[in-house]
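What follows is the residue order along each chain.
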Amino acid sequence: MCGIVGYIGPKRALPIVIDGLKRLEYRGYDSIGVLAYDQEKKEIYLEKQPGRVQEFIKTAQLDKKGGLAIGHTRWATHGLVTRENSHPHGDCQKKIFVVHNGIIENFQELKDALLKKGHVFVSQTDTEVVPHLIEERQKQGLPYREAIMQTLKDVRGSFALLIFNKEEPDLLVGTRFSSPLILGTNDQEFIFASDPTPIGLVTKNVLYLNDGDVAFVSEKGYELKSFLSEKVEAKRGVIDFTAGEADKGNFPDFMLKEIFEEPLALENTLRGRLLINEGKAKLGGLEPLEPRLREVNRVILVACGTASYAALAAEYFFEEYAEIPTEVDLGSEFRYRKPIIDNQTLFVAISQSGETADTLAAIKEAKTKGALTLGIVNVVGSTIARQVGAGIYSHAGPELAVASTKAFTTQIADLVLLMLFLARERKMSLVAGQEIMNELRKLPEKMRSVLLQADKIKALAEKYSVYKNFFYLGRKYGFPMALEGSLKLKECAYIHSEAYPSGEMKHGPIAIVDEDFPSIVLAPQDSVYEKVVSNIQEIKARKGKVIAVTTAGNQDLEKLVDDVIYIPQTLELLTPLLAIVPLHLFAYYLAKKLGRDVDRPRNLAKSVTVE
Ligand code: M6R
């Protein structure tokens, strides 16, 4: 959480940094702050305040000259949302300034020691210890660069830091440990950022810094060192989208744009990966691992939030089609259990951002125990993508709304491809593989037909916006979709909702049902349809209102429920890809009706880089 960006080069730095912050604001949006340095006047311009970039630019002096600037958009961890707690943070002499993403876990003991030495702190943040530590090391006689290196040895936790010193105004220092930081350069200009979206403002060429790398950057070039002051190399890459892709286009919000991009994202993730004649998926990154994948006798899927619901859907089809015992765990829980893992275990981490700290920690644990680790990741070159041995990129394109939508549907599609890859090596027949692939090819068009119902779903969302509580219910493949629909409603509309397997209702939750507690029930005509209809009957018998999502052509529910949304017929295992689209739209429109900031819901951030 938190976004950081820094620029050094021949152009005016501040507008670039502000533009970069707009693109990083999804990572945190409590407060914003910038520092620009005017080399001619030898002056620092520092401005920070609670609120969003849009408000900030109304008052900030964007015409400030200077080819160096750093900026920060905050998701508060330590200290309230105040000007004092906003970044950049400085030392006592207001010469050294830093912006930080992450948590300095031992900040209190460091701060206590610095206070005893007479340092004066103005914020409650963990970050503020960093400039003071550098200052203190310099007081002790260390040159600036060594003072930084020593400070990096003193701090514990996770951090991506940009460091500026008025005494060394031609130098910008960037470093990372367990928090993301990328350096983009076209050899004349250099831009640091938490993710590739701001980098595209300057260049497509990036260096993926590794944990423990320190980049000393001036207009003349850069030098990369490890915390131990040894020279290191970083992996080079080319980012695969332009800054323009991060625009809303004609849509009022990123979330709506991204829901409408679900069919295209699905096409992109399937492109070149369907070997119809062989009924197999072509997953280039996995080919070298084929012998080892053949030995796999257990699959563990680990993710957080929405990505974990994609994993839950996959649990059903991995067992049904690939016939491999499969379990799903949350990144935040995995390493606190004692997971049973050996070298025949396939561990798959699923993440849109590729930066989720809990998922990363789980990967480390799985690797330690000898599992074969793969990733299903959207952001190319992200930390998870680099941590896992191999994997599948989602190709959903940049997802900027905090609520994950198009990444979710591509994650399910990628998991279907992975399942096919494994299943065809085992018992699945050619015909069965081909049937799934042929249907997968048709899904983007079927998704588009669901999106054509957007106005109807909007009207439904507005009608139901008066309710304060919702149930989301489903069986088998419907259950993970219920979880996903419910999470979307909570995070975007701030409406209480609970998701249950519909068969669980009678074991307790149904006690809450009355005319003011509507249920959204996933009831496609699949293998559990009749059971789900019985559960709908039970809710109706208690005066509960029901919106059902069912298969086009099924008129039976019209008489039973209050409202029906139709989705096209497809194979049972692919139903989630269609059933979730109306639930994404429903949450979006309901949140809009209530006046919520759908792209940046309160208290959240897109990339959860703290545990
Ligand atoms: O980037 P990741 O896919 O690893 O993120 C996992 C969750 O934080 C994320 O899906 C979160 O639940 C979304 N806000 C849900 O819309």
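Predicted, not measured: the structure shown is a model, and the values here were computed from it.

## Let's talk about helix α3 (residues 107-116)
So, point 1. What α3 keeps buried is the set Phe-107, Leu-110, Lys-111 and Leu-114. Buried residues along α3 cover an arc of 100 degrees about the axis, so they all sit on one side.
So, point 2. Contacts made by the buried residues of α3 are with β6 (96-104), α4 (129-139) and α5 (144-154).
So, point 3. Immediately downstream of α3, the backbone of Gly-118 shows phi near 100 degrees, a positive value.

## Digging into the sheet that holds strand β17 (residues 298-303)
So, point 1. The five strands are arranged β18-β17-β19-β20-β21 in an open sheet whose pairing can be described as parallel. Looking along the sheet, the strands with just one partner apiece sit at the ends: β18 (326-330) and β21 (390-393). Looking at each pair of strands side by side, their axes are set apart by 20 degrees on average, direction ignored.
So, point 2. Across six bridges, strand β19 (residues 345-351) lies against strand β20 (residues 372-377) in parallel orientation. When the sheet's bridge partners are listed, Ser-351 is paired in β20 with Val-377.
So, point 3. Contacts between helix α12 (residues 357-368) and the sheet are confined to β17, β19 and β20, with β19 contributing the most and set at about 165 degrees to the helix.
So, point 4. Packed onto the sheet, helix α14 (residues 406-424) meets β17, β19, β20 and β21 and runs at close to 160 degrees relative to β19.

## A look at the pairing of strand β7 (residues 157-165)
Working note: regular strand, side chains alternate between the two faces of the sheet.
So, point 1. Extensive coverage of β7 is indicated by the burial of nine of its nine residues.
So, point 2. Of the two faces of β7, the one holding Gly-157, Phe-159, Leu-161, Ile-163 and Asn-165 and the one holding Ser-158, Ala-160, Leu-162 and Phe-164 are both buried throughout.
So, point 3. Pairing between β6 and β7: nine bridges, direction antiparallel. Paired with His-100 across the strands is Leu-161, a residue of β7.
So, point 4. Hairpin connection between β7 and strand β8 (residues 172-177): a loop of six residues separates the two successive antiparallel strands.

## Things to note about the side chain of Thr-197
So, point 1. Its location among the elements puts Thr-197 in helix α6 (residues 196-199).
So, point 2. At 2.5 Å, the side chain of Thr-197 and the side chain of Asp-195 are in polar contact.

## As for the sheet that holds strand β24 (residues 519-522)
So, point 1. Overall, parallel pairing links the five strands, which are arranged β23-β22-β24-β25-β26 in an open sheet. Of all the strands in the sheet, the pair left with one neighbour each is β23 (496-501) and β26 (563-567). Looking at each pair of strands side by side, their axes are set apart by 20 degrees on average, direction ignored.
So, point 2. As defined by bridge partners, strand β22 (residues 469-474) adjoins β24 across three bridges and the pair is classed as parallel. Across the sheet, Phe-471 pairs through a bridge with Ser-519, a residue of β24.
So, point 3. Relative to the sheet, helix α20 (residues 575-593) contacts β22, β24, β25 (546-551) and β26, its axis offset from that of β26 by approximately 135 degrees.

## Remarks on the packing of aromatic side chains
So, point 1. On inspection of all chains with the given rule, the structure shows 16 aromatic pairs.
So, point 2. Where Tyr-37 meets Phe-164, the ring centres are 5.4 Å apart and the plane angle is 45 degrees; that geometry is what we call tilted. A residue pair is termed long-range when its members are at least 10 positions apart, and Tyr-37 in strand β2 (residues 31-38) and Phe-164 in strand β7 qualify at 127 residues.
So, point 3. By way of ring pairs, the aromatic residues Tyr-316, Phe-317, Phe-318 and Tyr-477 are connected into one cluster.
So, point 4. Between the NZ or CZ atom of Lys-280 and the centre of the ring of Phe-421, over which it lies, the distance is 5.4 Å.
So, point 5. The side chain of Arg-602 reaches across the aromatic face of Tyr-494, ending 4.0 Å from its centre.

## Considerations on the domain arrangement of the chain
So, point 1. Segmenting the chain into domains produces domain 1 (3-239), domain 2 (247-451) and domain 3 (453-599).
So, point 2. The C-alpha-based centres of domain 1 and domain 3 are spaced at 45 Å.

## A short note on unusual backbone geometry
So, point 1. Here the residue pair His-87 and Pro-88 is connected by a cis peptide bond, since its omega of 0 degrees sits within 30 degrees of zero.
So, point 2. Among the secondary structure elements, Pro-88 is positioned in the loop between β4 (68-74) and β5 (89-90).
So, point 3. Positive phi, normally seen in glycine, also occurs at Lys-42, with a value near 55 degrees.
So, point 4. In this fold, Lys-42 is placed in the loop between β2 and β3 (43-50).
So, point 5. Taking relative accessible area as the criterion, Lys-42 reaches 55% and is therefore assigned exposed.
So, point 6. In this structure, Glu-323 takes a positive phi of about 55 degrees despite not being glycine.
So, point 7. Residue position: Glu-323 is located in the loop between α10 (305-322) and β18.

## Looking at the nonpolar core
So, point 1. Among the nonpolar cores identified, the biggest contains 99 residues, and Phe-317, Met-419, Leu-440, Phe-470 and Phe-586 are the most heavily contacted of them.
So, point 2. When residues of this core are assigned to their parent elements, the largest contribution, 13 residues, is made by α20.
So, point 3. Split by domain, this core shows at least three residues from each of two domains, domain 2 (247-451) and domain 3 (453-599).
So, point 4. With sequence-adjacent residues up to four places away left out, Phe-586 is seen in contact with Ile-457, Leu-460, Ala-461, Tyr-464, Phe-470, Tyr-472, Leu-489, Ile-520 and Ile-547.

## Digging into the environment of Lys-458
So, point 1. The topology assignment puts Lys-458 in helix α16 (residues 454-463).
So, point 2. The class of Lys-458 is partly exposed, set by a relative accessible area of 34%.
So, point 3. Expressed as a C-alpha distance, the spacing of Lys-458 and Lys-506, which sit 48 residues apart in the sequence, is 31 Å.

Thresholds applied
- Numbering of residues starts from 1 in each chain and follows the order in which that chain's sequence is written.
- Only residues with pLDDT of 70 or above have their local features reported here, since the model is predicted, and side-chain atom pairs are shown and tallied only from 80 upward, although totals for entire chains, interfaces and linings are computed over all residues.
- Just so you know, side-chain values use all the structure's heavy atoms and leave hydrogens and water out.
- With a 1.4 Å probe rolled over the protein chains alone, any residue whose accessible area is under 20% of its type maximum counts as buried; one over 50% counts as exposed, and the rest are partly exposed.
- The helix count covers DSSP runs of H or I at least four residues long, the strand count covers runs of E at least two residues long, and both are numbered beginning at the N terminus.
- Of all possible arcs, the one meant is that of the directions from the helix axis to the C-beta atoms.
- Whether two residues are in contact is decided by their heavy atoms, any of which lying within 4.5 Å being enough.
- Strands are labelled as partners when DSSP assigns at least two bridges between them.
- Axes here mean lines fitted to C-alpha atoms, for a helix over just the part in contact, with angles spanning 0 to 180 degrees between N-to-C directions.
- Definition of a polar contact: a pair of N or O atoms within 3.5 Å, with one able to donate and the other able to accept a hydrogen when the atoms are protein atoms, and with sequence-neighbouring residues admitted only if both atoms are side-chain atoms.
- Here is the rule: rings of Phe, Tyr and Trp (six-membered ring for Trp) pair when centre to centre is within 6.5 Å. Planes less than 30 degrees apart are stacked, more than 60 are edge-to-face, and the remainder are tilted.
- The rule is short: NZ of Lys or CZ of Arg within 6 Å of the ring centre and within 35 degrees of the ring normal puts a charge over the ring.
- Segmentation into domains, and thus their bounds, comes from an automatic or database assignment.
- Among the buried residues, those of types Ala, Val, Leu, Ile, Met, Phe, Trp, Tyr and Cys that are joined through side-chain atoms within 4.5 Å form a nonpolar core.

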